[in-house]
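Residue strings, one per chain:
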Amino acid sequence: MDTARLTLETFYRGAEADLFRSNVDPWKAVLKRRVRKGYRHESLDDSIRRERTLSEATLLHEAKAAGARVPSVIGIEVETNTIVMTQIDGVVARDCLDAMSPNDSMELFRSLGAQIGLIHTAGIVHGDLTTSNVIVTASGTPFIVDFGMARRSNNPEDRGVDLHLLQRSISTSHRRDVPPLLKALARGYRETAGEKVFQSSWAKAREIARRGRYFAIR
Ligand SMILES: Nc1ncnc2c1ncn2[C@@H]1O[C@H](COP(=O)(O)OP(=O)(O)O)[C@@H](O)[C@H]1O
Ligand SMILES: [Mg+2]
């Protein structure tokens, strides 16, 4: 894909990538471009960026094919380590959760759980599941973004880490009663993942949470 003639509007500069908005007819698009970071050896840096770009685009595509609500990959530009994807119109869950009604937030988490269940049963773990990587549309529908840390895994422990990270991000960044949200999340997850994957993933998530409390510095 050739992005040279696109007009790019920067909206996010992260540790690994810069993100831009643009029009890629007929889509409103987001470009995620991994830029060179000074602290890594140059040729090593080039291959890391290339590998992560290809991996992120591939897993994003696989998650979509599994039926999860994630951005669609429009294309990649290998020369600039850029993924071009559809733009999700909405607000990240981190910024809208506290203003939602209890009912809407429960429905959001049920739906989010169903999305995670689809991704996990496709043999993918997200790796960075926080409320910053969930975009909520105006109708309250969650989309999961940022497959930069995702990888293929069918290990319950890895799925448990995903669930635990999300749980921790709810309890640390939000002033809500967490248990009802987790219950809704679990209900949605069970619907798409099925009983076996549900049981193994949540058992691991609980075990990780217990270990965390045991080792926490008080
Ligand atoms: N397809 C998209 N549509 C709309 N916003 C997006 C999209 N992809 C990412 N974003 C926004 O950009 C932010 C950073 O993108 P992300 O992929 O999470 O980068 P990083 O790996 O640096 O965290 C996200 O938290 C989200 O707010
Ligand atoms: Mg992110």
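The residue numbering used here restarts from 1 in each chain and proceeds along that chain's sequence as written. Labels follow written order: the first chain is A, the first ligand is 1, and so on. Residue-level local features of this predicted model are given only where pLDDT is at least 70; pairs of side-chain atoms are given and counted only at 80 or more, and the full residue set underlies all totals for whole chains, interfaces and linings. To get the side-chain values, all heavy atoms of the structure are used, and hydrogens and water are removed first.

### Thoughts on the site of ligand 1
To keep it simple, the criterion reads: Being near a molecule or strand, for a residue, comes down to having at least one heavy atom within 4 Å of it. Pairs of N or O atoms are called polar contacts if they sit within 3.5 Å, as long as, within protein, a hydrogen donor faces a hydrogen acceptor (for residues adjacent in sequence, only side-chain-to-side-chain pairs). The pocket and cavity definitions rest on a 1 Å grid over protein atoms only: a 1.4 Å probe that fits but cannot leave marks a cavity, an open set with protein on both sides within 12 Å along at least five of seven lines marks a pocket, and residues lining either have an atom within 4 Å of a point. In this scheme, a molecule is assigned to a cavity or pocket if more than half of its atoms are within 2 Å of the grid points. Strands here are runs of E lasting at least two residues and helices are runs of H or I lasting at least four, both read from the DSSP assignment and numbered beginning at the N terminus. Under the grouping applied here, Gly and all other residues not named as nonpolar or charged are polar, the nonpolar ones being Ala, Val, Leu, Ile, Met, Phe, Trp, Tyr, Cys and Pro and the charged ones Asp, Glu, Lys and Arg. Boundaries between domains were set according to an automatic or database domain assignment.
By nearness alone, 15 residues border ligand 1, and Lys32, Thr86, Ile88, Asn133 and Asp146 come closest of all. For ligand 1, an oxygen atom lies 2.8 Å from a polar atom in the side chain of Lys32. Here a nitrogen atom of ligand 1 and a backbone polar atom of Ile88 are 2.9 Å apart. The site holding ligand 1 turns out to be the largest pocket. Among the elements of the structure, β1 (9-13), β3 (27-34) and β5 (82-86) are those that each provide at least two residues to the shell around ligand 1. Tallied by class, residues from the shell around ligand 1 come to nine nonpolar, four polar and two charged. Each of domain 1 (9-86) and domain 2 (91-215) contributes no fewer than three residues to the shell around ligand 1.

### Some points on the nonpolar core
The cut-off we apply is this: As used in this record, nonpolar core signifies buried Ala, Val, Leu, Ile, Met, Phe, Trp, Tyr and Cys residues forming a set joined through side-chain atoms within 4.5 Å. Exposure categories follow from relative accessible area, calculated using a 1.4 Å probe and restricted to protein chains: below 20% of the type maximum is buried, above 50% is exposed, and the middle band is partly exposed. Here, two residues are considered to be in contact whenever any of their heavy atoms come within 4.5 Å of each other.
Formed by 39 residues in total, the largest nonpolar core has its most connected members in Phe109, Ile116, Phe147 and Leu185. Contributions of two or more residues to this core are made by α1 (42-65), α2 (93-96), α3 (102-121), β8 (134-136), α4 (156-173) and α5 (178-215). Looking at which element gives the most residues to this core, the answer is α5, with twelve residues. Structurally, this core is a two-domain feature, drawing no fewer than three residues from each of domain 1 (9-86) and domain 2 (91-215). Look past the residues within four positions of Phe147 in its chain and what remains in contact with it is Glu56, Leu59, Leu60, Ala63, Val70, Ile119, Ile124 and His126.

### Section: the environment of Leu44
By the element assignment, Leu44 lies in helix α1. The partly exposed category is assigned to Leu44, whose relative accessible area is 45%.

### Topic: the domain arrangement of the chain
How we decide: We define buried area as the total accessible area lost by two parts upon association, computed with a 1.4 Å probe and summed across both. Any carboxyl oxygen of Asp or Glu within 4 Å of a side-chain nitrogen of Lys or Arg constitutes a salt bridge here.
Split by domain assignment, the chain resolves into domain 1 (9-86) and domain 2 (91-215). Distance from the C-alpha centre of domain 1 to the C-alpha centre of domain 2: 23 Å. Across the boundary between the two partners, domain 1 contributes 15 residues, which contact 17 residues of domain 2. At the boundary of domain 1 with domain 2, total buried surface from both sides reaches about 1,300 Å², with 61% on carbon and sulfur atoms. Counting every contact that joins domain 1 to domain 2 gives two salt bridges. Taking the shortest distance from any N to any O, the salt bridge between Lys32 and Asp146 comes out at 3.0 Å.

### Quick look at the coordination of the magnesium ion (ligand 2)
Which entries qualify depends on this criterion: Only N, O and S atoms count as donors, using a 2.8 Å limit from the metal and a wider 3.2 Å limit for Na, K and Ca, and since water is excluded some coordination spheres may look unfilled.
Coordination sphere of the magnesium ion (ligand 2), protein contribution only: Asn133 (OD1) and Asp146 (OD), at 2.2 to 2.3 Å. One end of the pair, Asn133, is in the loop between β7 (124-125) and β8; the other, Asp146, is in the loop between β9 (142-144) and β10 (151-152), with 13 residues separating them in the sequence. By relative accessible area, which is 8% here, Asn133 ends up buried.

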